[in-house]
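Coordinates in review
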Amino acid sequence: MMKNQLAGMMKQVQSMQDNMKKAQEELALVEVEGQSGAGLVKVVMTCKNDVKRVTIDPSLLGDDRDMLEDLVAAAFNDAMRKAETTTQEKMSGLTAGLPIPPGFKMPF
């Protein structure tokens, strides 16, 4: 490999790293909402898994504590899936064209 090719490749890698860092900072501001119980329980979190808000419909604040706990867990799981999907979509644009094996998890 020629010295110029190596230098060009190193610049590309540095540029990609800068873009990924910027994207990660942006994802910390992107909020997703997870729901369960047809919207009776909602969880709002950032794509960096920082929970911002939990909303529980007053009709659920009765005697059925087990059901409420299950709905809260389901809403969190829904929010986590949405955050992961949003993160993957954002990052896949940055790694397009790179020889990354399928299923490879980026370290972020």
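About the thresholds
Residues numbered from 1 in each chain as written. Predicted model: local features only at pLDDT ≥ 70, side-chain atom pairs only at ≥ 80, totals over all residues. Heavy atoms only, no water. Helix = DSSP H or I, 4+ residues; strand = E, 2+ residues; numbered from the N terminus. Contact = heavy atoms within 4.5 Å. Patch = residues over 30% accessible without salt bridge, like charges linked within 9 Å, V, L, I, M, F, W, Y side chains within 5 Å. Areas by Shrake-Rupley, 256 points an atom, 1.4 Å probe, with all protein chains shown as cover. Salt bridge = Lys/Arg side-chain N within 4 Å of Asp/Glu carboxyl O. UniProt positions renumbered as here; feature names shortened; annotations may be inferred. Buried < 20%, exposed > 50% of the residue type's maximum accessible area, 1.4 Å probe, protein only.

1. Regarding the environment of M80
Tracing the backbone through its elements, the reader meets M80 in helix α2 (residues 65-95). Separated by 29 residues in sequence, M80 and V51 have C-alpha atoms that sit 9.9 Å apart. In this structure M80 touches M45 and N49, once residues within four positions along its chain are discounted.

2. Focus: a nonpolar patch on the surface
Nonpolar side chains collect at one region of the surface, where L6, M9, M10 and V13 lie side by side and expose about 340 Å² of accessible area between them. With respect to the helices, strands and loops of the structure, M9 is situated in helix α1 (residues 3-27).

3. Some words on the UniProt feature "coiled-coil region" (unreviewed entry) in the protein chain
UniProt's entry tags residues 6-33 with the feature "coiled-coil region" (unreviewed entry), counted in the numbering of this structure. Along residues 6-33, the helical share is 79% and the strand share 11%, with 44 Å between the first and last C-alpha atoms.

4. Looking at the pattern of salt bridges
Going through the model one piece at a time under the given rule, you end up with six salt bridges. R81 is paired through a salt bridge with D78; the nearest N and O atoms lie 4.0 Å apart. Taken as a pair, R81 and D78 lie in helix α2 at a separation of three residues, close to a single helical turn. Look at D78 and you get buried, because its relative accessible area is 16%. By sharing partners, the salt bridges in this structure join D78, R81 and K82 into a single network.

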